[in-house]
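Structural features, examined
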Protein chains: 2
Amino acid sequence: MQSKWSFSLIAIIVAFMVLAAVPCLAAGDPLPSWRDGAAKQAIITFVDKVTREGGPDYVAPRDRIATFDNDGTLWSEQPMYVQLFFVLERIRELAPRHPEWKNNPAVQAALAGDKAKLMKMGHKGILELAALTHAGITAQQMQELSAAWLKTARNPVKHMLFVQMIYQPMVELLAYLRDNGFKTFIVSGGGVDFIRAFSLHAYGIPSYQVIGSSLKSKFEFKDGKAEVIKLPEINSIDDGPGKPENIELQIGQRPIMAVGNSDGDLPMLQFAASGTGARLMMLVHHDDATREFAYDRKSDMGRLDKGLDMAKKNGWLLISMKNDFAQVYPTAK
Amino acid sequence: MQSKWSFSLIAIIVAFMVLAAVPCLAAGDPLPSWRDGAAKQAIITFVDKVTREGGPDYVAPRDRIATFDNDGTLWSEQPMYVQLFFVLERIRELAPRHPEWKNNPAVQAALAGDKAKLMKMGHKGILELAALTHAGITAQQMQELSAAWLKTARNPVKHMLFVQMIYQPMVELLAYLRDNGFKTFIVSGGGVDFIRAFSLHAYGIPSYQVIGSSLKSKFEFKDGKAEVIKLPEINSIDDGPGKPENIELQIGQRPIMAVGNSDGDLPMLQFAASGTGARLMMLVHHDDATREFAYDRKSDMGRLDKGLDMAKKNGWLLISMKNDFAQVYPTAK
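Under the annotation held in an unreviewed UniProt entry, chain A carries the name Haloacid dehalogenase and is attributed to Desulfoferula mesophila.

So this is what it looks like as structure tokens:
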């Protein structure tokens, strides 16, 4: 009886010890949708070294800042930025009530479905159309309109819901970084309210860790209620040099990791690269025409031209979607 | 032997259970520097109800956003804003190299030590002087200059280091909120880089949860290094209506709790108050001439005039420093 009891008690103790230790144990492969290879290994090596206390590359949790572009980095941006589909639908809806839009070439391109012209407008063009369609509403209303649209809106090429076209390997990477004490931020050329409509659900990133392009706004107190109303005027274009500028303004620290996919992300990567200590710069290369889309140097949207050369020259990690992603999109639930 | 062994083993098990439970136990009074009374009770009641799962006032952790003004709310702002002392010193240092400043009335007031004039300039005036003295440097350099200055700079009335003049009850309140799943933000009329120089150490608030007044900036890539340089142009005055406008831009959610001390904080409090569900709006009333300073309706700096009436009318919590704070500043270490 004695040994049996003692054995039971020891078993219970062991169980408690295991339970207490669970949060500290590696939960198997943290990046199952990444193929084993140089890219995956580089990520894991980087995270291991900056989190190893006492090691030469250790970085305190408060400085573990990672910034991610959104369009083409966390979800698909072809055949057009998702937000552009949304804005076009809003333009079509609202145009009958706005005869003054008749002389606006961007609106006319939108109404005519002139894709070539629209694609060349870039983030600034979208923001100008957004300024027309979103002015006079609150950020909350904008997020609700976006979220409602995203519930049913589908990619015209892949016929999947846009929100299903997030990259599973990136979702895993974001969670892996957070599990290792990183703060993960989105720094996107897209409109900040549009991204906030799905960032928590899709990526686990809360609204206050989303930086994006934005309109100016105005505080109003009416009928006993305070609101902040969008104005039809651009506040900030969070693309190119605007990315590090807004990182300094809103984060106030230089990231130790920056991830993008196009030439508009290069200033952000250069900014991360210019700090001291261990750092990781990554560019997603869209080279998988079968499972996603293949485009780089000549694309109107998400062009990666200078970036291909800079990645090589600076030793930045170039992620091949074809070779490094074992799976592109999340498995449908 | 059997019972002795079993007892030892049970003791070990109990020890493990206690260790496992420690994070879940209430650690006594979370607000020891607050006197027991209506204000302290209102805070605890609010936190209890928004964190009670299944209760009618429950708020999910992702929506537990609390915003705090800094000057006069988290630390003393008399006889002048701390940052104004810093900027004046910078002006004096740099003036010999800037003959063009001779025609600037704000600079002349600064050099003449014309306190009455300086105090009337408010956050905008400080920011204009800051624009002169901080242009051309990076946020990092600005934070380093500020931090170095704060190491020795003292309040001329109280003769204490400025960084020792943070309010111990507010430091406890911030920690109490975070322990209950809140995200705590500073939303200050002061310059964002200046506050970031001490916010983590003083309040446990990281740089990316500090919103403040700011200058425009410009990305530069020179000699292989990327930097963001401040321009001598105001980007945003985070005071009055600027507070809710910047909350929408940078946090993207309506706070459920907002704390200030002056009329410049009222739009932020109105914005918090206009949401649905449980919320808590607080104003710190400086009524303790002995331990801190006494000022309200007629003060040039941190004026609380309309706010006193609005607090009464709207049922906002008015914190009496004299009666509600058992201790004002942290005990010197």
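So, next bit.
What follows is about the overall build of chain A. In terms of helices and strands, chain A carries 13 helices and 8 strands. Referenced to the eigenvectors of the C-alpha coordinate spread, the extents of chain A come out at roughly 90 × 55 × 40 Å. Counting across all 333 residues of chain A, residues that qualify as buried make up 55%. Put simply, 68% of the contacts in chain A that link residues at least 6 apart link residues at least 24 apart. Total accessible area computed for chain A in this model is approximately 14,700 Å², and 55% of it derives from carbon and sulfur atoms.

Counting residues at the interface gives 46 residues for chain A and 45 residues for chain B. Looking at the side of chain A facing chain B, the largest losses of area belong to Tyr208, Phe219 and Leu249 of chain A, adding up to 17% of the total buried there. For the pair chain A and chain B, the number of links is 2 salt bridges. Here Glu227 of chain A ties to Arg254 of chain B by a salt bridge, and the two come within 2.9 Å at their closest N and O atoms.

Let us now look at the packing of aromatic side chains. For any two aromatic rings, the description comes down to two numbers: the centre-to-centre distance and the angle of the planes. Enumeration over the complete set of coordinates arrives at 26 aromatic pairs over all chains. Centre to centre, the rings of Phe198 of chain B and Tyr203 of chain B are 5.9 Å apart; their planes meet at 65°, and the pair counts as edge-to-face. On the basis of relative accessible area, Tyr203 of chain B is assigned to the buried category, the value being 2%. Clustering of aromatic rings is evident, with ring pairs tying together Trp75, Phe85, Phe86, Trp149, Phe162, Phe194, Phe198 and Tyr203 of chain A. Here the guanidinium or amino end of Lys158 of chain B rests over the ring plane of Phe293 of chain B, the centre of that ring lying 5.1 Å away.

The subject of this paragraph is the side chain of His286 of chain A. Residues and elements named next belong to chain A. Mapped onto the fold, His286 is located in strand E6 (residues 280–287). In this structure the side chain of His286 is engaged in a polar contact, spanning 2.8 Å, whose partner is the side chain of Glu292. If near-sequence neighbours (up to four positions away) are discounted, His286 is found in contact with Gly72, Glu77, Tyr167, Asn261, Glu292, Phe293, Ala294, Tyr295 and Met321.

Our focus in this paragraph is the side chain of Asn155 of chain B. All names here are of chain B. Summarising the element assignment, Asn155 is placed in the loop between helix H6 (139–150) and helix H7 (168–179). Asn155 gets classed as buried once you look at its relative accessible area, which sits at 2%. Side-chain polar atoms of Asn155 contact the backbone nitrogen of Lys158, separated by 3.1 Å. Those residues within four positions of Asn155 in sequence are excluded, and the remaining contacts are Gln78, Pro79, Met160, Phe162, Met165 and Phe293.

Another point: the packing of helix H10 (residues 242–250) of chain B against helix H11 (residues 266–273) of chain B. Residues and elements named next belong to chain B. Close contact between H10 and H11 brings their axes to 7 Å; oriented N to C, the two are set at 50°. Between H10 and H11, the crossing angle belongs to the class labelled oblique. Taking contact as the criterion, the partners of Lys243, Pro244, Ile247 and Glu248 in H10 are, on H11, Pro267, Met268 and Phe271. For the contact of H10 with H11, the per-class residue count stands at 5 nonpolar, no polar and 2 charged.

Take the pairing of E6 of chain A next. All names here are of chain A. Among the 8 residues that make up E6, 7 are buried, leaving the element largely enclosed by the rest of the structure. Across 4 bridges, strand E5 (residues 257–260) lies against E6 in parallel orientation. Bridged to Gly260 within E6 is Leu283. Handedness of the crossover is the feature at issue here: the chain leaves E5, passes through helix H11 (residues 266–273), returns alongside E6, and the resulting connection is right-handed. Pairing analysis gives 4 bridges linking E6 to strand E8 (residues 317–320), with the strands arranged parallel. By the bridge assignment, Val284 is partnered in E8 with Ile319. Across 2 bridges, the pairing between E6 and strand E7 (residues 294–295) is antiparallel. Its bridge partner being in E7, His286 is matched across the sheet by Tyr295. The turn joining E6 and E7, which pair antiparallel and follow one another in sequence, is formed by 6 residues.

This part takes up the pattern of salt bridges. Residues and elements named next belong to chain A. The full count for this structure, using the stated rule, is 26 salt bridges over all chains. Asp29 is paired through a salt bridge with Lys40; the nearest N and O atoms lie 2.7 Å apart. Placement of Asp29 in the loop between helix H1 (2–21) and helix H2 (38–51) and of Lys40 in helix H2 is noted, with a sequence separation of 11 residues between them. Beyond isolated ion pairs, a larger network of salt bridges with shared partners links Asp29, Asp36 and Lys40.

The next point concerns the pairing of strand E3 (residues 210–222) of chain A. Residues and elements named next belong to chain A. Strand direction decides the pairing type here: strand E2 (residues 183–191) and E3, joined by 3 bridges, are parallel. Bridge pairing in E3 places Ile186 opposite Val210. Pairing geometry for E3 and strand E4 (residues 225–236), over 8 bridges, is antiparallel. Within E4, the position partnered with Ser217 by the bridge is Lys230. Hairpin geometry of E3 and E4 is characterised by an intervening segment of 2 residues between the two adjacent antiparallel strands and by a positive phi of about 50° at Asp223.

Bringing the packing of helix H3 (residues 82–94) of chain B against helix H5 (residues 115–134) of chain B into the picture now. Residues and elements named next belong to chain B. Where H3 contacts H5, the axes come no closer than 10 Å and their chain directions differ by 45°. Here H3 lies oblique to H5, going by the angle between them. The handedness of the crossing between H3 and H5 comes out as left-handed. Contacts between H3 and H5 involve Gln83, Leu84, Phe86, Val87, Leu88, Arg90, Ile91 and Leu94 on the former and, on the latter, Leu118, Ile126, Leu129, Ala130, Thr133 and His134.

Once that is clear, we can look at the nonpolar core. If you look at the biggest cluster of nonpolar residues, it comprises 76 residues, and the most contacted ones within it are Leu129, Leu173 and Tyr203 of chain A. Inspection of this core shows a minimum of three residues originating in each of domain 1 (30–79 + 163–324) and domain 2 (82–150) of chain A. Setting aside chain neighbours within four positions, we find Tyr203 of chain A in contact with Asn70, Leu74, Trp75, Ile166, Val171, Leu174, Arg178, Ile186 and Phe198 of chain A. Core analysis: the second largest hydrophobic core is formed by 75 residues, Ala109, Trp149, Leu173 and Tyr295 of chain B among them.

Parameters at a glance
Residues numbered from 1 in each chain as written. Chains lettered and ligands numbered in written order. Predicted model: local features only at pLDDT ≥ 70, side-chain atom pairs only at ≥ 80, totals over all residues. Heavy atoms only, no water. Helix = DSSP H or I, 4+ residues; strand = E, 2+ residues; numbered from the N terminus. Buried < 20%, exposed > 50% of the residue type's maximum accessible area, 1.4 Å probe, protein only. Contact = heavy atoms within 4.5 Å. Areas by Shrake-Rupley, 256 points an atom, 1.4 Å probe, with all protein chains shown as cover. Buried area = accessible area lost by both parts, 1.4 Å probe. Salt bridge = Lys/Arg side-chain N within 4 Å of Asp/Glu carboxyl O. Phe/Tyr/Trp six-rings, centres within 6.5 Å; stacked < 30°, edge-to-face > 60°. Lys NZ or Arg CZ within 6 Å of the ring centre and 35° of its normal. Polar contact = N/O pair within 3.5 Å; in protein donor to acceptor, adjacent residues only side chain to side chain. Axes fitted to C-alpha atoms, helices over the stretch in contact; angles between N-to-C directions. Parallel < 35°, antiparallel > 145°, perpendicular 65-115°, else oblique. Nonpolar A, V, L, I, M, F, W, Y, C, P; charged D, E, K, R; others polar. Pairing = 2+ DSSP bridges. Right-handed = clockwise from strand over helix to strand, strands pointing away. Left-handed = near helix turned anticlockwise from the far one by under 90°. Core = buried A, V, L, I, M, F, W, Y, C linked by side-chain atoms within 4.5 Å. Domains from an automatic or database assignment.

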